[in-house]
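# Per-entry structural report
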Amino acid sequence: AWDTYTDIQNGFSLKYPSTWNKGQEPVVGGDIVVLSPVSVEQIGTQVQAVSVYVTKNPKHLTSMEYYDQVVKPDQAGSVCTDPSINTNVPSSLQGLDVTIIEGLCGVLTQGPRMVAISGDHIVVVSSSFVDEVNNNLIYEILSTFKFIK
């Protein structure tokens, strides 16, 4: 069974396993919504999770431009090899301005990250799952993403 996270203010939704917990972490410019199989009390620590962050897009960047101008420079000097773009986007996301990036580093080795653009909003869905089983689950979650009116 799946639950749906809906952000009416920013106009999108995505589904996640109903056994997971939802929490929020305050950050500059808003909040990060964290979806995780661990308890809410552990969210914010180094746990496996999917994080959803929304930011403004005043320069009207495309998802690839955001990758080139924001994501890639953030990785400069990290221990990871060059991140790569997954060109095999789930069919449910085709037609959207979406880029999926693999091979990123952070405090934890990261799983796939999706950048989705709609008008003045950039939605970034990141994951800290790295094994093949969890990567498949992350792609299932990403495939449920949709912009709503």
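Helix and strand counts for the chain come out as two helices and ten strands. Overall, the chain shows an N-to-C arrangement of helices and strands of β-β-β-β-β-α-β-β-β-β-α-β. Within the chain, contacts between residues at least 6 apart in sequence are counted, and of these 46% link residues at least 24 apart. In the structure as shown, the chain presents an accessible area of about 8100 Å², 50% of it carried by carbon and sulfur atoms.

Attention shifts here to the nonpolar core. Ranked by internal contacts, the top residues of the largest apolar core, which has 24 residues, are Phe12, Met114, Val123 and Phe145. Residue assignment for this core shows that the elements contributing at least two residues are strand 2 (12-17), strand 4 (30-36), strand 5 (50-56), strand 7 (97-102), strand 8 (113-118), strand 9 (121-127) and helix 2 (132-143). With five residues, helix 2 is the largest single contributor of residues to this core. With residues near it in sequence (within four places) discarded, Met114 still touches Leu93, Val98, Thr99, Ile100, Val123, Val124, Val125, Leu142 and Phe145. Listed in part, the ten residues of the second largest apolar core include Tyr67, Val71, Leu104 and Ile117.

Right, let's get into the pairing of strand 7. Side chains on a regular strand alternate between the two faces of the sheet. When strand 6 (residues 84-86) meets strand 7, the two strands line up antiparallel, connected through three bridges. If you follow Ile85 over to strand 7, its bridge partner there is Ile101. Where strand 7 lies against strand 8, five bridges are found, and the strand directions are antiparallel. Looking at the pairing, Val98 lines up with Ala116 of strand 8.

For the coordinates displayed, the defined rule picks out three aromatic pairs. Between Tyr5 and Phe12 the ring centres are 6.1 Å apart and the planes differ by 55°, which places this aromatic pair in the tilted class. Owing to a relative accessible area of 9%, Tyr5 belongs among the buried residues under this scheme. With centroids separated by 5.0 Å and ring planes inclined at 85°, the aromatic side chains of Phe145 and Phe147 adopt a geometry described as edge-to-face. A relative accessible area of 22% places Phe147 in the partly exposed class. Three or more aromatic residues joined by ring pairs form one cluster here, namely Tyr5, Phe12, Phe145 and Phe147.

Thresholds applied
Residues numbered from 1 in each chain as written. Predicted model: local features only at pLDDT ≥ 70, side-chain atom pairs only at ≥ 80, totals over all residues. Heavy atoms only, no water. Helix = DSSP H or I, 4+ residues; strand = E, 2+ residues; numbered from the N terminus. Contact = heavy atoms within 4.5 Å. Areas by Shrake-Rupley, 256 points an atom, 1.4 Å probe, with all protein chains shown as cover. Core = buried A, V, L, I, M, F, W, Y, C linked by side-chain atoms within 4.5 Å. Buried < 20%, exposed > 50% of the residue type's maximum accessible area, 1.4 Å probe, protein only. Pairing = 2+ DSSP bridges. Phe/Tyr/Trp six-rings, centres within 6.5 Å; stacked < 30°, edge-to-face > 60°.

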